[in-house]
Amino acid sequence: MSFSSSDIEHLLTTSDPTAVDDLFAEACRVRDAVYGRLVFMRGLIEITSHCRNNCLYCGLRRDVQCRRYRLSEEQILDCCSIGHRLGFRTFVLQGGEDAWFTDERVCHIVGAIRSRFPDCAITLSLGERGRESFARLKEAGADRYLLRHETADPDHYALLHPAEMSFAHRMQCLRDLRDLGYQVGAGFMVGSPGQSIATLMKDIEFIDTFRPEMVGIGPFIPAAGTPFEHRPAGSVELTLRLLAIIRIIHPHVLLPATSALGTLHPQGRERAIAAGANVVMPNLSPQDTRALYSIYNNKLATGSEAAESAADIRARMAAIGMQVPTARGDYQ
Ligand code: 5AD
Ligand code: SF4
């Protein structure tokens, strides 16, 4: 099935429930034809809440006064060991842009994970870095990199970020990652201030042309202490429609049911799977640092322990007829 831009606009705005149900059903058919009834699990490890950036929407922006932490290599490896025992075969090391995590330090950590857990994929999500840096991390053993483009409209990008951040550089990073052989994740928030159907059309067009292996899409949720703290949250419904559209235009994409969806709606992640998503990312971060990684308000912290998050996710997926394999879940 291929969509024209007016089809997409219609699907994003229609109030016809049958059209939306058909969209979700088609997205599930497309996903099942490529990946079957499988949902891949990634273990999220939030390695640092320090960030030099000041993205206007983010609760970890540098101007927010909050307690910050970094995990040691030992703590990170402990999270991986626990995760490995629970059946995780992908670890996602995520953090703000923290200068403490030099190439040398990150390469050491990646190398240690690579040698201790050779059957696992290593995903990094550490913001913008230089091409040389991406190359060194790849060399050390990283397989994938998540860097949301946030919006494919340069004016909208400028509204969400301070002047020192640039849309052009974000795009350059994504191209560099692709050239270096990473499986690349892009993505955006739904309902961020200044977003419109026109900017969303550009996001869809960007995904259709760049064809990232992963696309992270979650609703915007206001974060305390940020310039957007009083803005309304994004729509769960619109997020689900975008997931389905992206699944259909890019059948092989790995599409997470994000925690932001789970935060706004108790069944948000299940609904995302029913709209074509096929990845979940339970948190493996240590118990005491979880609450400190507050990108947005009321961030989901299901279960106080990794085992609980994993069991919770497995039960939720089983309840909707999806299996969670012990597998890396690479892009196919
Ligand atoms: N609401 C939802 N998502 C957010 N992110 C950052 N701040 C928020 C927020 N307030 C997303 C951004 C970023 C990712 C790590 O989290 O898209 O890329
Ligand atoms: Fe830093 Fe990422 Fe938050 Fe921007 S979105 S302030 S880069 S942690």
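Shown above is the structure to which this text applies.
As a starting point, this report considers the structure included with it. Numbering of residues starts from 1 in each chain and follows the order in which that chain's sequence is written. The lettering of chains begins at A and the numbering of ligands begins at 1, in the order of writing. In view of the model being predicted, local features appear only for residues whose pLDDT reaches at least 70, and side-chain atom pairs are presented and counted only at 80 or more, with totals across whole chains, interfaces and linings using the full set of residues. Values shown for side chains rest on all heavy atoms present in the structure; no hydrogens or waters enter the calculation.

1. Observations concerning the overall build of the protein chain
Consideration 1: Note on conventions: DSSP H or I runs of at least 4 residues are helices, E runs of at least 2 residues are strands, and numbering of each starts at the N terminus. The helix and strand inventory of the protein chain stands at 13 helices and 8 strands.
Consideration 2: Every radius of gyration here is taken over C-alpha atoms, with the globule rule written as 2.2 Å times N^0.38, N being the number of residues. Computed over its C-alpha atoms, the radius of gyration of the protein chain comes to 18 Å, within 12% of the 20 Å expected for a compact globule of 332 residues.
Consideration 3: In terms of its C-alpha atoms, the protein chain occupies a principal-axis envelope of roughly 50 × 45 × 35 Å.
Consideration 4: When a residue's accessible area, from a 1.4 Å probe over protein chains only, is under 20% of the maximum for its type it is buried; when over 50% it is exposed; and in between it is partly exposed. A burial count over the protein chain gives 59% of its 332 residues as buried.
Consideration 5: Here, two residues are considered to be in contact whenever any of their heavy atoms come within 4.5 Å of each other. Sequence separation of at least 24 residues holds for 76% of the intrachain contacts in the protein chain that already meet a minimum separation of 6.
Consideration 6: In the form shown here, the protein chain has an accessible surface area of approximately 13100 Å², with 52% of it arising from carbon and sulfur atoms. Computed by Shrake-Rupley with a 1.4 Å probe, the accessible areas treat only the displayed protein chains as cover when residues are assessed.

2. What to know about the pattern of salt bridges
Consideration 1: Between Lys or Arg on one side and Asp or Glu on the other, a salt bridge is scored when a side-chain nitrogen of the former is within 4 Å of a carboxyl oxygen of the latter. Applying the stated criterion across every chain yields a total of 26 salt bridges.
Consideration 2: Close ionic contact of Arg316 with Asp312 constitutes a salt bridge, the shortest N to O distance being 3.1 Å. One end of the pair, Arg316, and the other, Asp312, are both in helix 13 (residues 306–319), 4 residues apart, so they sit about a helical turn from each other.
Consideration 3: By relative accessible area, which is 21% here, Arg316 ends up partly exposed.
Consideration 4: By relative accessible area, which is 22% here, Asp312 ends up partly exposed.

3. Overview of the nonpolar core
Side chains that are nonpolar tend, in soluble globular proteins, to be buried together.
Consideration 1: Counting 98 residues, the largest nonpolar core has Leu12, Ile45, Phe91, Leu93, Ile113 and Leu124 as its most contacted members.
Consideration 2: When residues no more than four places from it in sequence are discounted, the contact partners of Leu93 are Ile45, Ile47, Ile76, Ile109, Ile113, Thr123, Leu124, Ser125 and Leu126.
Consideration 3: Formed by 8 residues, the second largest nonpolar core is a distinct cluster that contains Tyr35, Phe40, Val92 and Val279. In this text, buried Ala, Val, Leu, Ile, Met, Phe, Trp, Tyr and Cys residues form a nonpolar core when linked through side-chain atoms within 4.5 Å.

4. What to know about the site of ligand 1
Consideration 1: Lining the immediate surroundings of ligand 1 are Tyr57, Cys58, Arg148, Glu150, Met189, Pro219, Phe220, Ile221, Ile295 and Tyr296.
Consideration 2: Polar contact criterion, stated in full: a pair of N or O atoms within 3.5 Å, where within protein one must be able to donate a hydrogen and the other to accept it, and residues adjacent in sequence count only if both atoms are side-chain atoms. In the environment of ligand 1, a nitrogen atom lies 2.9 Å from a nitrogen or oxygen atom belonging to the backbone of Tyr57.
Consideration 3: One of the side-chain nitrogen or oxygen atoms of Glu150 is found 2.5 Å away from an oxygen atom of ligand 1.
Consideration 4: Taken by itself ligand 1 offers 410 Å² of open surface, and the protein chains cover 86% of this.
Consideration 5: Split into classes, the residues belonging to the shell around ligand 1 amount to 8 nonpolar, no polar and 2 charged. What makes a residue near a molecule or strand is one non-hydrogen atom of that residue sitting within 4 Å of it. Any residue outside Ala, Val, Leu, Ile, Met, Phe, Trp, Tyr, Cys, Pro, Asp, Glu, Lys and Arg is labelled polar, Gly included; the first ten of those are nonpolar and the last four are charged.

5. A closer look at the environment of Thr13
Consideration 1: In this structure, Thr13 sits in helix 1 (residues 5–13).
Consideration 2: A sequence separation of 262 residues divides Thr13 from Ala275, and the C-alpha atoms of the two residues are 16 Å apart.
Consideration 3: With near-sequence residues (within four places) excluded, Thr13 lies in contact with Ile197 and Arg241.

6. Some thoughts on unusual backbone geometry
Consideration 1: Here the phi dihedral of Glu150 falls at roughly 75°; this positive angle occurs in a residue that is not glycine.
Consideration 2: With respect to the element layout, Glu150 can be found in the loop between strand 5 (144–146) and helix 6 (154–160).
Consideration 3: Given a relative accessible area of 11%, Glu150 falls into the buried group.
Consideration 4: Phi angles above zero are rare outside glycine, and Arg211 is one such case at about 50°.
Consideration 5: Considering the arrangement of structural elements, one finds Arg211 in the loop between helix 8 (197–210) and strand 7 (214–219).
Consideration 6: According to the relative accessible area criterion, Arg211 is partly exposed, its value standing at 31%.

7. So, the site of ligand 2
Consideration 1: Every residue close to ligand 2 is listed here: Cys51, Asn53, Cys55, Tyr57, Cys58, Arg61 and Gly96.
Consideration 2: Looking at the shell around ligand 2 residue by residue, the class counts come to 4 nonpolar, 2 polar and 1 charged.

8. Observations regarding the packing of helix 4 (residues 103–116) against helix 5 (residues 131–140)
Consideration 1: All axes are obtained by fitting lines to C-alpha atoms, using only the stretch in contact for helices, and the reported angles, taken between N-to-C directions, cover 0 to 180 degrees. Axis separation between helix 4 and helix 5 bottoms out at 8 Å; the angle between their running directions is 20°. The pairing of helix 4 with helix 5 is recorded here as roughly parallel in orientation. In terms of crossing hand, the pair formed by helix 4 and helix 5 is right-handed. Within the contact between the two elements, helix 4 uses Asp103, Glu104, Val106, Cys107, Val110, Gly111 and Arg114 and helix 5 uses Ser133, Arg136, Leu137 and Ala140.
Consideration 2: When the residues that make up the contact of helix 4 with helix 5 are grouped by side-chain class, the tally is 5 nonpolar, 2 polar and 4 charged. Roughly parallel here means an angle under 35 degrees, roughly antiparallel means over 145, roughly perpendicular means 65 to 115, and every remaining angle is called oblique. Crossings are sorted by hand: turned counterclockwise from the far helix by less than a right angle, the near helix makes the crossing left-handed, and turned clockwise it makes it right-handed.

Purely spatial values, then, with no claim about function.
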